Number of protein chains: 2
Amino acid sequence: MDKYESLKLENQLCFPLYAAARSIMKEYNAPLGALDLTYTQYIVMLVLWEHERITSKQLCTLLYLDSGTLTPVLKALEKKGLLKKARSKEDERLLICTLTDAGRALKEKALAVPPAVGQCVNLSAEEARTLYKLLYKIL
Amino acid sequence: MDKYESLKLENQLCFPLYAAARSIMKEYNAPLGALDLTYTQYIVMLVLWEHERITSKQLCTLLYLDSGTLTPVLKALEKKGLLKKARSKEDERLLICTLTDAGRALKEKALAVPPAVGQCVNLSAEEARTLYKLLYKIL
DNA sequence: GATAATTAAATTGAGTACAATTAAATTGTA
DNA sequence: TACAATTTAATTGTACTCAATTTAATTATC
């Protein structure tokens with residue numbers, strides 16, 4: 001038995017997680033290019049399409065991102081006219097992001113994204129469900 | 001049935017993959033800090049500890065990274081004295097990375113990393129194995 | 001009510017990550 | 001042998017990602 005067995009790349013769990021995440025994210029490039037969005041911008045829009053109005057803090061929590069990452073992403077989305085930023089009247093510390101009409105309109109185009117990506121992942125529906133559950137167990 | 005069901009964050013497979021990968025990578029910060037390595041530098045060292053000598057091209061293939069990512073990482077590891085870079089005599093295009101004595105010595109310290117991280121992932125051995133298989137099916 | 005502690009964003013700095021391009025070396029082919 | 005095509009690294013430019021710090025607003029405590 002090799003003393004260093006635990007240091008072999010093939011025995012790492014984090015590595016395939018990291019590699020698979022990047023691999024699938026790359027599959028989003030083509031469909032998201034049609035919407036002029038990056039992957040990170042896309043998941044912010046997913047949340048906005050569900051909530052219309054949400055604080056930066058809540059976005060951070062939902063997306064497991066910190067303000068250092070989110071601040072420039074929100075800035076870019078505002079520049080594209082997809083959302084508007086405003087301070088809360090009740091608590092001036094809070095930044096509230098609101099979906100604009102242009103942002104809402106983009107939702108229609110986005111319907112093409114999941115089908116385009118789904119075909120690239122060669123897992124059965126059953127396997128995808130299992131993977132999904134295990135990942136949320138980690139989170 | 002909601003027309004936009006496929007755009008809900010909870011119905012994405014890539015998102016938990018992306019979030020879980022980053023979440024586990026963060027758990028490496030503390031143990032890797034003791035080795036003065038980043039996660040990316042660590043996985044390069046994992047390969048070097050297995051191979052001693054390897055080309056940049058092979059590293060790219062094994063780690064699913066491209067030269068734009070790897071070049072600065074190899075430069076940093078060389079600066080730390082953990083590896084040496086040299087051009088192949090047979091084919092001057094190839095960059096060969098060789099483990100140094102200091103790099104080899106670091107392997108002992110690295111034995112502490114997997115146990116430190118393993119405790120943070122709350123999956124059973126069985127679940128981890130299932131996850132592992134599904135991830136490699138994607139890759 | 002003044003002040004300490006906490007909270008939310010923004011900023012800074014280091015390190016990826018990757019598409020696209022460039023430069024140099026090698027290989028294939030007429 | 002010339003020369004086109006391919007291959008490998010490095011470079012460039014854009015965009016994350018996060019730790020640590022800063023700033024401003026709010027809450028808790030005296």
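Further up the page is the structure itself.
Below is a summary of the structure that appears in this document. The numbering scheme is per chain: residues are counted from 1 as the chain's sequence reads. Chain labels run from A onward and ligand labels from 1 onward, assigned in the order the entries are written. Only residues with pLDDT of at least 70 get local features here, since the model is predicted, and only at 80 or more are side-chain atom pairs given and counted; chain-wide, interface and lining totals rely on the full set of residues. The side-chain quantities take in all heavy atoms of the structure and omit both hydrogens and water.

1. A few points about the packing of aromatic side chains
Here comes step 1: Two rings from Phe, Tyr or Trp (for Trp, the six-membered ring) form a pair when their centres are within 6.5 Å of each other. A pair whose planes differ by under 30 degrees is stacked, one over 60 is edge-to-face, and the rest are tilted. For the coordinates displayed, the defined rule picks out 14 aromatic pairs over all chains.
Here comes step 2: Relative to Y42 of chain B, the ring of Y28 of chain B has its centre 5.8 Å away and its plane inclined at 45 degrees; by these criteria the two rings are tilted. Separated by 14 residues along the polypeptide, Y28 of chain B in the loop between α1 (14-27) and α2 (29-33) and Y42 of chain B in helix α3 (residues 39-51) bring together distant segments of the chain. Each member of the pair, Y28 of chain B together with Y42 of chain B, is buried.
Here comes step 3: Each member of the aromatic cluster is reached from another via a ring pair, and the members are F15 and Y18 of chain A together with Y28, Y39, Y42 and Y64 of chain B.
Here comes step 4: Lying over the aromatic face of Y18 of chain A, R22 of chain A brings its terminal NZ or CZ to 4.1 Å of the ring centre.
Here comes step 5: When the ring centre of Y4 of chain A is taken as origin, the NZ or CZ atom of K107 of chain B, which lies over that ring, is 4.0 Å away. Secondary structure counts use DSSP, requiring at least four H or I residues in a row for a helix and at least two E residues in a row for a strand, with both numbered from the N terminus. Relative accessibility under 20% of the residue-type maximum defines a buried residue, over 50% an exposed one, and the middle range a partly exposed one, all with a 1.4 Å probe and only protein chains included. In this analysis the charged atom, NZ for Lys or CZ for Arg, is taken to sit over a ring once it is within 6 Å of the ring centre and within 35 degrees of the ring normal.

2. Digging into the relation of the copies chain A and chain B
Comparison of the two chain copies shows a relationship of rotation about an axis with a shift along it.
Here comes step 1: With an RMSD of 0.0 Å, the fit of chain A onto chain B corresponds to turning through 180 degrees and sliding 0.0 Å along the axis. Such values leave the two copies arranged in the relation of a two-fold axis.
Here comes step 2: A high fraction, 100%, of the interface residues of chain A reappear at the interface in chain B, so the copies pair face to face through one surface. We place the copies in one frame by least squares, fitting the C-alpha atoms of every residue whose pLDDT is at least 70 in both. Contact between two residues is taken to exist if any of their heavy atoms lie within 4.5 Å; hydrogens are not considered.

3. Details of the sheet that holds strand β2 (residues 83-87) of chain A
Residues and elements named next belong to chain A.
Here comes step 1: A pair of strands is considered paired only if DSSP assigns at least 2 bridges between the two. Overall, antiparallel pairing links the three strands, which are arranged β1-β3-β2 in an open sheet. The sheet is open, and its two edges are formed by β1 (53-55) and β2, each paired on a single side. For this sheet, the mean angle separating the axes of adjacent strands, direction not counted, is 25 degrees.
Here comes step 2: Axis definition: a line fitted to C-alpha atoms, over the contacting stretch in the case of helices. Angles run 0 to 180 degrees between N-to-C directions. This element, helix α4 (residues 56-63), spans β1 and β3 (95-99) of the sheet and lies at about 85 degrees to β1.

4. Digging into the packing of helix α8 (residues 125-138) of chain A against α1 of chain B
Here comes step 1: Between α8 of chain A and α1 of chain B, the shortest axis-to-axis distance is 9 Å and the interhelical angle comes to 35 degrees. With respect to the hand of their crossing, α8 of chain A and α1 of chain B are arranged in left-handed fashion. Residues Y132, L135, Y136 and I138 of chain A of α8 of chain A form the contact with α1 of chain B, whose own contacting residues are F15, P16, L17, A20 and I24 of chain B.
Here comes step 2: Classes in brief: Ala, Val, Leu, Ile, Met, Phe, Trp, Tyr, Cys and Pro nonpolar; Asp, Glu, Lys and Arg charged; the others, Gly included, polar. Of the residues belonging to the contact of α8 of chain A with α1 of chain B, the class tally is nine nonpolar, no polar and no charged. Rotating anticlockwise by less than a right angle from the far helix to the near helix defines a left-handed crossing, while the corresponding clockwise rotation defines a right-handed one.

5. Some points on the side chain of S88 of chain A
All names here are of chain A.
Here comes step 1: By secondary structure assignment, the location of S88 is in the loop between β2 and β3.
Here comes step 2: Residue classification places S88 among the buried positions, given a relative accessible area of 4%.
Here comes step 3: If sequence neighbours within four positions are ignored, S88 has contacts with L94 and I96.

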